[in-house]
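A look at the structure
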Amino acid sequence: MIATFVIQFMNASLLFHSFGAYFEYLRADLNASRAAISGAFSLARMEEGLLGPLQGWLVTRFGPRKVARLGVVFFGVGLMLFSTVNSLVLYYAVFMLMAVGTSMAGFVTLNSTIANWFIRRRTLAMSWGQMGLPVGGLTISIIAWALSTYGWRSTAFVSGIIAICLGFLLAGVLRDRPESRGLLPDGIRPTDTNSSNESLLSSFIPEEPQYTATQAMRDRSFWLLSIGHAMALFVVSVIMAHLIPHLQEDLGLSPVKAAIPVTIIIAASIIAHSFMGIVSDKLEKRYIAVACMVTHCVAMLMIASTSSIILIYFAAFLHGSAWGTRGPLMASIRAEYFGRKHFASIIGYSSLIVMSGAVIGPIFSGLMADNLGSYRPGFVILGLLTGIGSIAFVFARKPATNIATATS
């Protein structure tokens, strides 16, 4: 879980959260439009989605350690090559390489590992593991300072070295299933060494469904969860890609001051991660997700409609709280509904739908800003769509059939 936290921290601090800080430097250096720069960010999310089913199979076949190690190498090499780009073609190619890396050492691989090692307190474990994502955002001010002091190219190259050295070491800690090491989920150590793993598991751990990816996709909740998650990413991805440029262009803030709301988002997300990880295993997860979607919508509309920096800060707090609460639930609720045996494949196929939100959001917002001269109209539309997306979680009920076989 600690390794998962640090890998998420590294991916978030070196690329996901820092992209907005790179944005204006890239636009000036490559002489490109907002849509062109944000397009790479969106296409990277699409690539991650398309990679999902293959990644799920790779994790199941070769284990998370090998997949994550290959991912951090791709990510680190990509960052070093990123420092050399001088055209949009190279920019897009290198960004795709980094996306493959962060995906292979990211959501599917890491959450599959946690899902296998925890059942009773799975949401808590996923919350702590995924907390590296928001905590990584606390470095945004440091990244913004490094970009303005040393230049974006030097910052990217050094980031690549850090990613390879740190990530390769941490990925070596990951293991696929506790049973392969003579253990049980939730840290339980079997005392009866003469019993089989299956009998030990049934003695200590409640029975879980064992849906295959095919069986899960026949259930409507698979699709509703995926659609709702995708619509949440309308807001999450747009704020990561365009909030800092919006604050610089529409409110006239400096790069360092424009990064402050992002820091607030991250701080709020960390608090929400900590709190909900403790209580959410006892609550109805889909209703929590509904409340978070509405909060995402309200925060986005506030950002789009106000010029008050105080209200921007408040909206950032609302968005961060909703993101930190909802994020860990997205993986946990799938494991609860469909089981852990084929979790990697199920979440991999789900990512094909989920990442559409991260693809559409930044490109749409960038195009609206290029044509209308402001980010505000695009922010309003995407915020409203996210609010509507809450309906998907209302109807995403736990499957009535508890499939306990692994046949497709």
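Bear in mind the structure is a predicted one, so any value in this text is a computation, not a measurement.

Analysis parameters
- Residues numbered from 1 in each chain as written.
- Predicted model: local features only at pLDDT ≥ 70, side-chain atom pairs only at ≥ 80, totals over all residues.
- Heavy atoms only, no water.
- Helix = DSSP H or I, 4+ residues; strand = E, 2+ residues; numbered from the N terminus.
- Buried < 20%, exposed > 50% of the residue type's maximum accessible area, 1.4 Å probe, protein only.
- Contact = heavy atoms within 4.5 Å.
- Areas by Shrake-Rupley, 256 points an atom, 1.4 Å probe, with all protein chains shown as cover.
- Patch = residues over 30% accessible without salt bridge, like charges linked within 9 Å, V, L, I, M, F, W, Y side chains within 5 Å.
- Salt bridge = Lys/Arg side-chain N within 4 Å of Asp/Glu carboxyl O.
- Core = buried A, V, L, I, M, F, W, Y, C linked by side-chain atoms within 4.5 Å.
- Phe/Tyr/Trp six-rings, centres within 6.5 Å; stacked < 30°, edge-to-face > 60°.
- Lys NZ or Arg CZ within 6 Å of the ring centre and 35° of its normal.
- Axes fitted to C-alpha atoms, helices over the stretch in contact; angles between N-to-C directions.
- Parallel < 35°, antiparallel > 145°, perpendicular 65-115°, else oblique.
- Left-handed = near helix turned anticlockwise from the far one by under 90°.
- Nonpolar A, V, L, I, M, F, W, Y, C, P; charged D, E, K, R; others polar.

**Observations regarding the overall build of the protein**
Helix and strand counts for the protein stand at 20 helices and zero strands. A buried classification covers 59% of the 408 residues belonging to the protein. Counting only contacts in the protein whose residues sit at least 6 apart along the sequence, the fraction spanning at least 24 positions is 84%. Put simply, the protein shows about 15,600 Å² of open surface, and 67% of that area lies on carbon and sulfur atoms.

**Thoughts on the environment of isoleucine 37**
For isoleucine 37, the position within the fold is in helix 3 (residues 34-62). Overall, isoleucine 37 belongs to the buried group, its relative accessible area being 0%. Along the primary structure isoleucine 37 and arginine 27 are separated by 10 residues, whereas in three dimensions their C-alpha atoms are 6.6 Å apart.

**What to know about a nonpolar patch on the surface**
Among the surface-exposed residues, Phe157, Val158, Ile161, Ile162 and Leu166 lie close enough to one another that they form a single nonpolar patch of about 400 Å² accessible area. Summarising the element assignment, valine 158 is placed in helix 10 (residues 152-171). Judged by relative accessible area, which is 47%, valine 158 ranks as partly exposed.

**Section: the pattern of salt bridges**
Enumeration according to the criterion identifies seven salt bridges in this entry. Between aspartate 370 and arginine 34 there is a salt bridge whose closest N-O contact spans 3.1 Å. A residue pair is termed long-range when its members are at least 10 positions apart, and aspartate 370 in helix 18 (residues 343-372) and arginine 34 in helix 3 qualify at 336 residues. Accessibility expressed as a relative area gives 14% for arginine 34, which makes it buried. The closest approach of N and O atoms between glutamate 336 and lysine 285, which form a salt bridge, is 2.8 Å. In this pair, glutamate 336 sits in helix 17 (residues 309-338) while lysine 285 sits in helix 16 (residues 285-305), placing the two residues 51 residues apart along the sequence. For glutamate 336, a relative accessible area of 27% corresponds to the partly exposed category. Note on lysine 285: relative accessible area 4%, which makes it buried. If you follow the salt bridges from partner to partner, you end up with Glu24, Arg27, Arg34, Glu249 and Asp370 in one network.

**Observations regarding the environment of serine 365**
When you line up the elements, serine 365 lands in helix 18. Classification of serine 365 as buried rests on a relative accessible area of 0%. Separated by 124 residues in sequence, serine 365 and alanine 241 place their C-alpha atoms 9.4 Å apart.

**Quick word on the nonpolar core**
In this structure, Phe19, Phe82, Tyr91 and Phe95 are the most contacted members of the largest nonpolar core, which totals 101 residues. Counting residues per element, this core draws most heavily on helix 13 (residues 220-249), at 16 residues. Contacts of phenylalanine 82, omitting those with residues within four sequence positions, involve Tyr22, Leu26, Tyr91, Val94, Phe95, Met98, Trp152 and Ala156. Residues Val108, Ile114, Ala331 and Ile347 belong to the second largest nonpolar core, which totals nine residues.

**Describing the packing of aromatic side chains**
Counted by the stated rule, this structure contains 15 aromatic pairs. With 5.5 Å between their ring centres and 90° between their planes, tyrosine 91 and tyrosine 92 make a pair best called edge-to-face. Looking at tyrosine 91, the relative accessible area reads 0%, which means it is buried. Judged by relative accessible area, which is 23%, tyrosine 92 ranks as partly exposed. Judged by centre distance (5.7 Å) and plane angle (70°), the ring pair of tyrosine 91 and phenylalanine 95 falls under edge-to-face. Of this pair, tyrosine 91 and phenylalanine 95 both sit in helix 5 (residues 88-104), four residues apart, which is roughly one turn of the helix. Through successive ring pairs, a cluster of aromatic residues spans Phe19, Tyr22, Phe23, Phe82, Tyr91, Tyr92, Phe95 and Trp152. The ring of phenylalanine 62 carries arginine 61 above its face, with NZ or CZ at 4.9 Å from the centroid. Residue placement shows arginine 69 over the ring face of phenylalanine 168; its charged tip is 4.4 Å from the ring centre.

**With respect to the packing of helix 17 against helix 18**
Helix 18 packs onto helix 17 with a crossing angle of 125° between their chain directions and a minimal axis gap of 11 Å. Here helix 17 lies oblique to helix 18, going by the angle between them. Classified by chirality, the crossing of helix 18 by helix 17 is right-handed. Where helix 17 approaches helix 18, its residues Ala331, Arg334, Ala335 and Phe338 are matched on the opposing element by Phe343, Ile346, Ile347, Ser350 and Val354. When its residues are assigned to classes, the contact of helix 17 with helix 18 shows seven nonpolar, one polar and one charged.

Just distances and angles here, no functional claims.
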